[in-house]
Amino acid sequence: MKIRYDRETCIGMFQCVEEWDAFEKNLDEGKAELAESTEVEDGIFEVEVPDDAELDAEFAARACPVDAIELYDGDEQVV
């Protein structure tokens, strides 16, 4: 699985931070950061989800109020 995070869409509610520790608060910019991710497009970050963190990643994606986080299993979007 992988997480795809659109940092530009993020409004800084930090609900993802509460659900999965791969997300961190950046209070200076009012946005979440996705640790150890790769910027695949301008403002779009991706990271592979460890097997033991899949449930936390799903909760983080579902918790985002502006749908800035998507979860993929292969090419299929799960959340």
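Everything quoted here is computed from the prediction, not taken from an experiment.

A.B. asks: Can you explain the environment of Lys2? Please cite residues and give values.
C.D. replies: Assignment of secondary structure puts Lys2 in strand E1 (residues 2-6). By relative accessible area, Lys2 is classed as partly exposed at 23%. On a C-alpha basis, the gap between Lys2 and Tyr72 in space is 5.3 Å, while along the polypeptide they are 70 residues apart. Apart from residues lying up to four places away in sequence, Lys2 is in contact with Glu46, Val47, Glu48, Val49, Glu70, Leu71 and Tyr72.

A.B. asks: Please give an account of the environment of Ala57 that cites residues and values.
C.D. replies: When you line up the elements, Ala57 lands in helix H2 (residues 54-63). Sequence separation between Ala57 and Val79 is 22 residues, and the spatial gap between their C-alpha atoms is 9.8 Å. Apart from the residues lying within four places of it in its own chain, the contact partners of Ala57 are Ile3, Trp20, Val49 and Leu71.

A.B. asks: Describe a negative patch on the surface, with residues and values.
C.D. replies: Judged by side-chain charge, Glu18, Glu19, Asp21, Glu24, Glu36, Asp51, Asp52 and Asp56 come together as a negatively charged surface patch. By the element assignment, Asp51 lies in the loop between strand E5 (44-48) and H2. Looking at Asp51, the relative accessible area reads 67%, which means it is exposed.

A.B. asks: Describe H2, naming the residues involved and giving the relevant values.
C.D. replies: Within the sequence span of H2, burial applies to Ala57, Ala60 and Ala61. End-on view of H2: buried residues confined to an arc of 95 degrees, all on one side of the axis. Facing away from the buried side of H2 by over 90 degrees, the exposed positions are Leu55 and Arg62. Turning to H2, the residues buried within the fold contact E1, helix H1 (15-19), strand E2 (23-26) and strand E6 (69-73).

A.B. asks: For the sheet that holds E5, give the residues involved together with the corresponding values.
C.D. replies: The strand order across the open sheet built from five strands is E4-E5-E1-E6-E7, with neighbouring strands paired in antiparallel fashion. Edge positions in the sheet fall to strand E4 (38-41) and strand E7 (76-77), since each has one partner strand and no second. Its contacts with the sheet place H2 against E1 and E6, and it is angled at close to 140 degrees to E6.

A.B. asks: Outline the side chain of Arg7, supporting the account with residue identities and numerical values.
C.D. replies: Here Arg7 is to be found in the loop between E1 and H1. Setting aside chain neighbours within four positions, we find Arg7 in contact with Asn26, Glu29, Lys31, Ala32, Glu33, Gly43 and Phe45.

Quick notes on the rules
- Residues numbered from 1 in each chain as written.
- Predicted model: local features only at pLDDT ≥ 70, side-chain atom pairs only at ≥ 80, totals over all residues.
- Heavy atoms only, no water.
- Helix = DSSP H or I, 4+ residues; strand = E, 2+ residues; numbered from the N terminus.
- Buried < 20%, exposed > 50% of the residue type's maximum accessible area, 1.4 Å probe, protein only.
- Contact = heavy atoms within 4.5 Å.
- Patch = residues over 30% accessible without salt bridge, like charges linked within 9 Å, V, L, I, M, F, W, Y side chains within 5 Å.
- Areas by Shrake-Rupley, 256 points an atom, 1.4 Å probe, with all protein chains shown as cover.
- Salt bridge = Lys/Arg side-chain N within 4 Å of Asp/Glu carboxyl O.
- Lys, Arg positive; Asp, Glu negative; His and termini not counted.
- Charge placed at Lys NZ, Arg CZ, Asp CG, Glu CD.
- Arc of directions from axis to C-beta.
- Pairing = 2+ DSSP bridges.
- Axes fitted to C-alpha atoms, helices over the stretch in contact; angles between N-to-C directions.

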